[in-house]
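Here is what each chain is made of, one letter per residue.
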Amino acid sequence: MSAALEMVNIAAADAVSGNVAAIGYGLAAIGPGVGVGIIFGNGTQALARQPEAAGLIRTNQIMGFAFCEALALIGIVMGFVYK
């Protein structure tokens, strides 16, 4: 009977650790999501104020977007690394 209880505890621990990784990634995705919103919101304001600098502003927006998305990808990889 004790061995069966031990197996159930191990299975439950594995299930919980997988769910914790999913919750961790969900929390890790909030930061880049907010960052992308801020980047494009401020970029739109900058384009409205100085339309002649559109090329430079757009380049900086794309670089900022790439860095924010890299953080999100690192967050999803960490769930697999620390499993």
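What you see is a predicted model, and the numbers here were worked out from it, not measured in a lab. (Residues numbered from 1 in each chain as written. Predicted model: local features only at pLDDT ≥ 70, side-chain atom pairs only at ≥ 80, totals over all residues. Heavy atoms only, no water.)

### Here we look at the overall build of the protein
This is how the line gets drawn: Secondary structure elements are taken from DSSP: a helix is a run of H or I of four residues or more, a strand is a run of E of two residues or more, and numbering for both begins at the N terminus. The buried label applies to any residue whose accessible area, calculated with a 1.4 Å probe on protein chains only, is under 20% of its type's maximum; exposed applies above 50%, and partly exposed to all values in between. For the area figures, the Shrake-Rupley method with a 1.4 Å probe applies, and any residue is considered shielded solely by the protein chains shown.
A tally of helices and strands in the protein yields 2 helices and 0 strands. Looking at the protein residue by residue over its 83 residues, the buried ones come to 14%. Total accessible area on the protein stands at roughly 6,200 Å², and carbon and sulfur atoms take up 73% of it.

### Some words on a nonpolar patch on the surface
Convention followed: By definition, no residue in a patch forms a salt bridge, and every one has over 30% relative accessible area; like charges are joined within 9 Å, nonpolar side chains (Val, Leu, Ile, Met, Phe, Trp, Tyr) within 5 Å. Salt bridge, as used here, is a side-chain nitrogen of Lys or Arg placed within 4 Å of a carboxyl oxygen of Asp or Glu.
Residues Leu71, Leu73, Ile74, Ile76, Val77, Met78, Phe80, Val81 and Tyr82 make up a contiguous nonpolar surface patch of roughly 950 Å² in combined accessible area. Residue classification places Phe80 among the exposed residues on the basis of a relative accessible area of 64%.

### With respect to the side chain of Gln61
Selection rule: In what follows, a contact means two residues having at least one pair of non-hydrogen atoms within 4.5 Å.
Along the chain, Gln61 falls in helix 2 (residues 54-81). Contact partners of Gln61, with chain neighbours within four places excluded, come to Ile39, Phe40, Gly43 and Thr44.

### A look at the environment of Arg58
Summarising the element assignment, Arg58 is placed in helix 2. The exposure class assigned to Arg58 is partly exposed, which follows from its relative accessible area of 46%. Measuring from C-alpha to C-alpha, the distance between Arg58 and Gly43 comes to 7.4 Å, with 15 residues separating the pair along the chain.

### Focus: helix 2
Filter applied, for reference: One less than the residue count of a helix, multiplied by 1.5 Å, gives the span that helix is expected to have.
Helix length check: helix 2 (28 residues) gives 40 Å between terminal C-alpha atoms against 40 Å at 1.5 Å per residue, within 8%. The complete set of buried residues in helix 2 reads Ala54, Ile57, Gln61, Gly64, Cys68, Ala72 and Gly75.

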